[in-house]
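Commentary on secondary and tertiary structure
One-letter residues, chain by chain:
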Amino acid sequence: MKQLMTATRMNCLLDCPRKHYWRYEVGLKRETDSAALRFGTAWHAAMEDRWQRRSYESALAKALATAQDFDEATVATLSGLLAGYYRRWQDDPVKELHPEVEFRHPLRGSRSFDCAGKIDGLGILHDGRLALVEHKTTGTDISPGSDYWIRLRANPQVLQYVIAAWSLGWDLHTVLYDVTRKPAIRVKKGESPEEYSERLAKDCEERPDFYFARREVPILQDDVESFHIQRVELAKLILNFRAAARKARRPEQAWPRHLTEMQCRLCDYASFCLQNIVPDPAQPPAGFRVGAQHPELNQAADPTQGETR
Ligand code: SF4
């Protein structure tokens, strides 16, 4: 059975090969996703509703239905930001949208991997052109001259989706980014969550370009070609590390550690990895479980779902 190369997997390997080992070789995963990931998931759920032209109330309900352990402040952030989004964008750049499109196709140049994932949306613009639609949330500057846009152009996730869209017969040449910046303001002392939500929505109205940006970026053939090469090289890296792991005294030893403050500070596995403690998959550490490799995909795309290893 072929393995799956998702954009998340590629990013994980690029972050730190040892992290990839814990996540995709052992299948170890936190029982509860990080706060940032949970917020992103909720926002994507809201966007799916919003771009189907449903009401604010419907989009908020959809987002909150995904919420795992959201505190009052997070719910207030979500509702205030979403209210700001609805006020900022009254018109839609797409005539028709196909949301949440799953794909799976062979990885060119690899006999071991298929590419898989879920595209935010495939859209038909008002002028008839086809576009990949990408909703993103970020904590960084999204002003027109910021580095954010330069990094997005060669983003592995976006290029993976572009190639997937082509494989599905969508002859698109542009990506429509819909980016929302997460607020830097917080609940003040003595302020209720409702008051904070309203203050945030008002701030969004006063500073729309700080919070929201939409931009069309053309797809460059050169970026796609580079990505094809890099993706297959990442697949080979996984196979090489795995072969070395079979010869090592302990398999994790073959997967290099990217021991930088930036990587390790936010890493789920830091509590044991940095101590050189090797957890037993049969008895995962508290707060972890061993399960599906790609829970973001449905079972047809990822047959490891439902497995408890
Ligand atoms: S703690 Fe650091 S070295 Fe260990 S897996 Fe995480 S990022 Fe890699």
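The paragraphs below set out a description of the structure included in this document. (Residues numbered from 1 in each chain as written. Predicted model: local features only at pLDDT ≥ 70, side-chain atom pairs only at ≥ 80, totals over all residues. Heavy atoms only, no water.)

Turning our attention to the environment of Glu102. Following the sequence through the fold, Glu102 ends up in strand S3 (residues 94-106). The class of Glu102 is partly exposed, set by a relative accessible area of 25%. Expressed as a C-alpha distance, the spacing of Glu102 and Gly121, which sit 19 residues apart in the sequence, is 9.8 Å. (Helix = DSSP H or I, 4+ residues; strand = E, 2+ residues; numbered from the N terminus. Buried < 20%, exposed > 50% of the residue type's maximum accessible area, 1.4 Å probe, protein only.)

With that out of the way, let us pick up the packing of helix H3 (residues 35-50) against helix H4 (residues 56-66). Orientation of H3 relative to H4, taken along the N-to-C sense of each, is 150°, at an axis distance of 8 Å. As summarised for this structure, H3 and H4 are arranged roughly antiparallel, according to the angle between their axes. The chirality of how H3 crosses H4 is right-handed. The residues of H4 that touch H3, namely those facing Thr41, Ala42, Ala45, Ala46, Glu48, Asp49 and Arg50, are Ser58, Ala59, Lys62, Ala63 and Thr66. (Axes fitted to C-alpha atoms, helices over the stretch in contact; angles between N-to-C directions. Parallel < 35°, antiparallel > 145°, perpendicular 65-115°, else oblique. Left-handed = near helix turned anticlockwise from the far one by under 90°. Contact = heavy atoms within 4.5 Å.)

Let us look at the pairing of S3. As defined by bridge partners, S3 adjoins strand S4 (residues 113-125) across 11 bridges and the pair is classed as antiparallel. Each bridged residue has a counterpart across the sheet, and for Glu102 the counterpart in S4 is Lys118. Counted between consecutive antiparallel strands, the loop separating S3 from S4 contains 6 residues, among which Gly109 sits at a positive phi close to 95°. (Pairing = 2+ DSSP bridges.)

Around the ligand, the neighbouring residues are Cys16, Lys19, Arg257, His258, Leu259, Gln263, Cys264, Cys267, Ala270, Cys273 and Leu274. Broken down by secondary-structure element, the contributors of at least two residues to the shell around the ligand are helix H11 (261-265) and helix H12 (270-273). The class makeup of the residues in the shell around the ligand is 7 nonpolar, 2 polar and 2 charged. (Near = heavy atom within 4 Å. Nonpolar A, V, L, I, M, F, W, Y, C, P; charged D, E, K, R; others polar.)

For the rest of this paragraph, the subject is the packing of aromatic side chains. For the coordinates displayed, the defined rule picks out 15 aromatic pairs. Consider the rings of Phe241 and Trp255, whose centres lie 5.1 Å apart with planes at 45°: the pair is tilted. Highlighted residues: Phe241 in helix H10 (residues 221-247) and Trp255 in the loop between H10 and H11, separated in sequence by 14 residues. Owing to a relative accessible area of 15%, Phe241 belongs among the buried residues under this scheme. Trp255 gets classed as buried once you look at its relative accessible area, which sits at 0%. The structure contains a cluster of three or more aromatic residues connected by ring pairs, namely Tyr21, Trp22, Phe241, Trp255, Tyr269, Phe272 and Phe288. Between Arg23 and the ring centre of Tyr24, over which it is positioned, the NZ or CZ distance is 4.9 Å. The ring of Trp89 has Arg88 lying over it, and the distance from NZ or CZ to the ring centre is 4.0 Å. (Phe/Tyr/Trp six-rings, centres within 6.5 Å; stacked < 30°, edge-to-face > 60°. Lys NZ or Arg CZ within 6 Å of the ring centre and 35° of its normal.)

A cluster of like negative charges, contributed by Asp71, Glu72, Glu194, Glu195 and Glu198, occupies part of the molecular surface. It is helix H8 (residues 193-206) that provides the largest number of residues to the negative patch, a total of 3 residues. Position of Glu198 relative to the elements: it lies in helix H8. A relative accessible area of 60% means that Glu198 is categorised as exposed. (Patch = residues over 30% accessible without salt bridge, like charges linked within 9 Å, V, L, I, M, F, W, Y side chains within 5 Å. Areas by Shrake-Rupley, 256 points an atom, 1.4 Å probe, with all protein chains shown as cover. Salt bridge = Lys/Arg side-chain N within 4 Å of Asp/Glu carboxyl O. Lys, Arg positive; Asp, Glu negative; His and termini not counted. Charge placed at Lys NZ, Arg CZ, Asp CG, Glu CD.)

One non-glycine residue with positive phi stands out, namely Glu100, at about 50°. The phi dihedral of Asn276 is positive, around 60°, even though this residue is not glycine. Along the polypeptide, Asn276 turns up in the loop between H12 and strand S8 (288-290).

A word on the pattern of salt bridges. The tally for this structure, following the rule as stated, stands at 28 salt bridges. Across the pair Arg53 and Asp92 runs a salt bridge, and its minimum N-O distance is 3.5 Å. Of this pair, Arg53 sits in the loop between H3 and H4 while Asp92 sits in the loop between helix H5 (72-88) and S3; the two residues are 39 residues apart in sequence, bridging distant segments of the chain. Classification of Asp92 by relative accessible area gives buried; the value is 11%. Asp114 is the partner of Arg104 in a salt bridge, and the nearest nitrogen-oxygen pair spans 2.9 Å. In this pair, Arg104 is assigned in strand S3 and Asp114 in strand S4, connecting sequence segments 10 residues apart. A residue is classified by how much of its surface remains accessible, and Arg104, at 32% relative accessible area, is partly exposed. Take Asp114: its relative accessible area is 11%, and that puts it in the buried class. A single salt-bridge network, built from bridges that share partners, covers Glu48, Asp49, Arg54 and Lys62.

On to helix H2 (residues 17-25), then. Of all 9 residues that make up H2, 8 are buried, and the element is covered over most of its length. Residues of H2 that are buried in the fold lie against helix H1 (7-15), strand S2 (28-30), H10, H11 and H12. At the exit of H2 stands Gly27, carrying a positive phi of roughly 85°.

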